[in-house]
Amino acid sequence: MSRSKRDGLSLVEVLVILAILFILIGLMLPATRRVGEAAARMQCMNSLKQLMLALHSYKSTGITTVHPAPGRLDARDREAFPPGCIGTGTVPEERLSWMVALLPFLEQGSAYQKFDIEKGYAENLPAAKSAIKLFHCPSANEAGTDNLVTNYVAMSGIGPTAAGQAAGAAGNGFMGYDRKTSSEMIKDGTSNTIALMETRSGLGPWAHGGASNVRGFDPADQPWCGDQRPFEGHSNGINAAMADGSVRFIRSSVDPKTLAAAITIAGGESIDLD
């Protein structure tokens, strides 16, 4: 009597198939991560682009319902970017940030209406709890959570105290706490001047005035880019928005002196960020 044919796979055959599948998955994971990171980097660049478009819309519109303490915007301010802080308060941290001023230009009118821009951050805390996805880098751990921090900061110039300097001071950058910057003040050219950079260290609420979203650059604090360093964004570098509205990727290998030259608005330096 002949034996019946055996159906199914042996244990050895199953183990071989599983081993092949695990190898294939191991080969695919790095490629998947690279694709995911590339997509996140592009989304981050798009967010910075939208922020710059909003900054230029603010400047060209000359909105008069948003004004810095203690004065109001007048005709002389209508071709200027917003200052780093708005609202009331004796120190920047008691006031609202420039990101609040941009809300009407980011299709966030309902969020903007919750703020009383005649008051400071503490008085606007309920409104400040609005989560604005655009202010987060999708690669950051905070993205997609209810944390209200921002990964994007406006560059105030060279040194930790640059944000508090008056207009015309040496080493000034794109934005200060109280000073307003016009395109004409950017003597180095808007396409050669960095306006916004991304970071994952020292994060703070997007609506909060102060270092949460306005910072200086210290060329001596090296490395300038990386884990737990002043600036960090993506693998081997960060995205940065130029004052003309363009966005570019800056590698972590860029010389800090070159980066400092790109951050100042009237240093007269020639730069090459490639």
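Anyway, here's the lowdown on the structure attached to this text. Think of each chain on its own: its residues are numbered from 1, step by step along the sequence as written. Given that the model is predicted, a residue must reach a pLDDT of at least 70 before its local features are reported, and side-chain atom pairs must reach 80 or more before they are shown or counted; all residues, however, enter totals for whole chains, interfaces and linings. Calculation of side-chain values draws on the structure's entire complement of heavy atoms; hydrogens and water are dropped beforehand.

### Section: the overall build of the protein
So, step 1. Of the regular secondary structure elements, the protein holds five helices and seven strands.
So, step 2. What counts as a helix is a DSSP run of H or I of at least four residues, what counts as a strand is a run of E of at least two, and both are numbered from the N terminus. Along the protein, from the amino end to the carboxyl end, the secondary structure elements read α-β-β-α-α-α-β-β-β-β-β-α.
So, step 3. At a minimum sequence separation of 6, the contacts of the protein that also span at least 24 residues come to 64%.
So, step 4. Reported accessibility uses the Shrake-Rupley method at a 1.4 Å probe radius. Residues are deemed covered only where the shown protein chains occlude them. A total of about 13800 Å² of accessible surface is found on the protein, and carbon and sulfur atoms cover 55% of it. We call two residues in contact whenever any of their non-hydrogen atoms come within 4.5 Å of each other.

### A look at the nonpolar core
So, step 1. We call a set of buried residues a nonpolar core when its members are Ala, Val, Leu, Ile, Met, Phe, Trp, Tyr or Cys and they connect through side-chain atoms within 4.5 Å of each other. A simple rule labels every residue: compare its accessible area, found with a 1.4 Å probe on the protein chains alone, to the largest value its type can have, and call it buried under 20%, exposed over 50%, or partly exposed in between. Counting 48 residues, the largest nonpolar core has L51, L55, W98, L103, F115, L196 and W206 as the members making the most contacts within it.
So, step 2. For this core, the secondary structure elements donating two or more residues are α1 (11-61), β1 (85-86), α2 (98-102), α3 (109-113), α4 (125-128), β3 (152-158) and β4 (194-198).
So, step 3. Judged by nonpolar contacts, the second largest core, of 18 residues, contains I238, M242, A262 and L273.

### Quick word on the sheet that holds strand β5 (residues 214-217)
Consider a sheet: its strands pair through backbone hydrogen bonds, and that pairing is either parallel or antiparallel.
So, step 1. Pairing between strands is defined by DSSP: at least two bridges between them are needed. Taken together, the five strands give an open sheet; going across it, the order is β5-β3-β4-β6-β7, and neighbouring strands pair in mixed fashion. In this open sheet, the two strands that pair with only one neighbour each are β5 and β7 (247-251). Adjacent strand axes in the sheet meet at a mean angle of 40°, parallel and antiparallel pairs treated alike.
So, step 2. Relative to β4, β3 is paired through three bridges, and the arrangement is antiparallel. The convention used is that axes are lines fitted to C-alpha atoms, helices contributing only their stretch in contact, and that angles between N-to-C directions extend from 0 to 180 degrees.

### Regarding the packing of aromatic side chains
So, step 1. Stacked, edge-to-face and tilted are the three classes for Phe, Tyr and Trp ring pairs, Trp counted by its six-membered ring, which pair at centre distances within 6.5 Å; planes under 30 degrees apart are stacked, over 60 edge-to-face, the rest tilted. According to the stated counting rule, one finds five aromatic pairs in the structure shown.
So, step 2. Relative to F105, the ring of Y58 has its centre 6.1 Å away and its plane inclined at 75°; by these criteria the two rings are edge-to-face. Here Y58 is found in helix α1, whereas its partner F105 is found in the loop between α2 and α3, with 47 residues between them in sequence.
So, step 3. Take F105: its relative accessible area is 24%, and that puts it in the partly exposed class.
So, step 4. An angle of 40° between the planes, with centres 6.2 Å apart, marks the rings of F217 and F231 as tilted. Of this pair, F217 sits in strand β5 while F231 sits in the loop between β5 and β6 (237-242), placing them 14 residues apart in sequence.
So, step 5. Grouping aromatic residues by their ring pairs yields a cluster made of F115, F135 and W206.
So, step 6. When the NZ atom of lysine or the CZ atom of arginine is within 6 Å of a ring's centre and also within 35 degrees of its normal, the charge is said to sit over that ring. Sitting over the ring of F249, R41 keeps its end group 4.0 Å from the ring centre.
So, step 7. We note K59 situated over the ring of F81; from NZ or CZ to the ring centre the distance is 5.4 Å.

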